[in-house]
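Letter by letter, the chains look like this.
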Amino acid sequence: MKTLSILQRTVKSTVTNEYFPSAAVLAGVVLFWGIGLFGGLSLLSNHQTLLTTLSWLLFVYAAAVLTPLAGLVAAVDLSRRWLRNRATGAPSAESA
């Protein structure tokens, strides 16, 4: 039971951290591209209907265009928050 309460406090402090949303987006982008490196074109080797293949390619094209943009925005947001907190000398959420 004590382990569960420690886990709950850890998850709550992580999710309420100001860096969490940007870090989650950045991790999702890295995960998307990492998975894509290992099996990106496997759909083209399968025999599927033309509409299925075109729909999947359209989705992947949109994701390939939007994920670098989302990753860039997340990285800029993380660095902006970190520099702001460092400049003001504000205590981090972990020490509070």
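The structure we're discussing is the one just above.
Summary of the structure given here. Note that the structure is a prediction, hence the values are computed from the model and not measured. Along each chain, residue indices are assigned from 1 in the same order as the chain's sequence is written. Per-residue local features are limited, in this predicted model, to residues with pLDDT of at least 70; the limit for side-chain atom pairs, both in listing and counting, is 80 or more; totals at the level of whole chains, interfaces and linings are taken over all residues. Just so you know, side-chain values use all the structure's heavy atoms and leave hydrogens and water out.

So, about the overall build of the chain. Helix and strand definitions here come from DSSP, where helices need a minimum of 4 consecutive H or I residues and strands a minimum of 2 consecutive E residues; each element is numbered from the N-terminal end. Helices and strands together make up the secondary structure of the chain, namely four helices and zero strands. Each helix and strand of the chain, placed in order from N terminus to C terminus, yields the pattern α-α-α-α. Every residue pair with non-hydrogen atoms within 4.5 Å of one another is taken to be in contact. In the chain, the share of contacts with a sequence separation of at least 24, taken over all contacts with a separation of at least 6, comes to 87%.

Once that is clear, we can look at the environment of Y19. Tracing the backbone through its elements, the reader meets Y19 in the loop between helix 1 (2-15) and helix 2 (20-39). Of the residues examined, Y19 reaches a relative accessible area of 22% and is grouped as partly exposed. Distance from Y19 to L78, taken between C-alpha atoms, is 6.3 Å for residues 59 residues apart in sequence. Apart from the residues within four sequence positions on either side, Y19 is in contact with L78, R81, W82 and N85. In terms of polar contacts, Y19 uses its side chain to reach the side chain of N85, at 2.9 Å. Note on exposure labels: buried denotes an accessible area under 20% of the residue type's maximum, exposed denotes more than 50%, and partly exposed covers the range between, all computed with a 1.4 Å probe on protein chains only. Polar contacts, as counted here, are pairs of nitrogen or oxygen atoms within 3.5 Å of one another; within protein the pair requires one atom able to donate a hydrogen and one able to accept it, and residues that are adjacent in sequence qualify only if both atoms are side-chain atoms.

For N85, the location among the structural elements is in helix 4 (residues 50-88). We classify N85 as buried; its relative accessible area is 16%.

Only the six-membered ring of Trp is used, alongside the rings of Phe and Tyr, when aromatic pairs are assigned; centres must lie within 6.5 Å, and planes under 30 degrees apart are stacked while those over 60 apart are edge-to-face, with the rest tilted. The full count for this structure, using the stated rule, is two aromatic pairs. Pairing F32 with W33 gives two aromatic rings, centres 5.5 Å apart and planes at 85 degrees, and the pair type is edge-to-face. Since its relative accessible area comes to 38%, W33 is described here as partly exposed. Here W56 and F59 contribute two aromatic rings whose centre-to-centre distance is 5.3 Å and whose plane-to-plane angle is 35 degrees, an arrangement assigned as tilted. Of this pair, W56 and F59 both sit in helix 4, three residues apart, which is roughly one turn of that helix.

Once that is clear, we can look at the packing of helix 2 against helix 4. One can describe the packing of helix 2 onto helix 4 by two numbers: an axis separation of 8 Å at closest approach and a directional angle of 145 degrees. Here the hand of the crossing between helix 2 and helix 4 comes out left-handed. Contact residues: helix 2 offers S22, A23, V25, L26, V29, F32 and W33, while helix 4 offers A63, A64, T67, P68, A70, G71, A74, D77 and L78. All residues other than Ala, Val, Leu, Ile, Met, Phe, Trp, Tyr, Cys, Pro, Asp, Glu, Lys and Arg, Gly among them, are scored as polar; the first ten of these are nonpolar and the last four charged. The residue inventory of the contact of helix 2 with helix 4, partitioned by class, reads 12 nonpolar, three polar and one charged. A fitted line through C-alpha atoms represents every axis, and for helices the fit uses only the stretch in contact; the resulting angles, taken between N-to-C directions, go from 0 to 180 degrees. For a crossing to be left-handed, the near helix must be turned anticlockwise from the far one by less than a right angle; the clockwise case is right-handed.

Function cannot be inferred from these measures alone, as they are strictly geometric.
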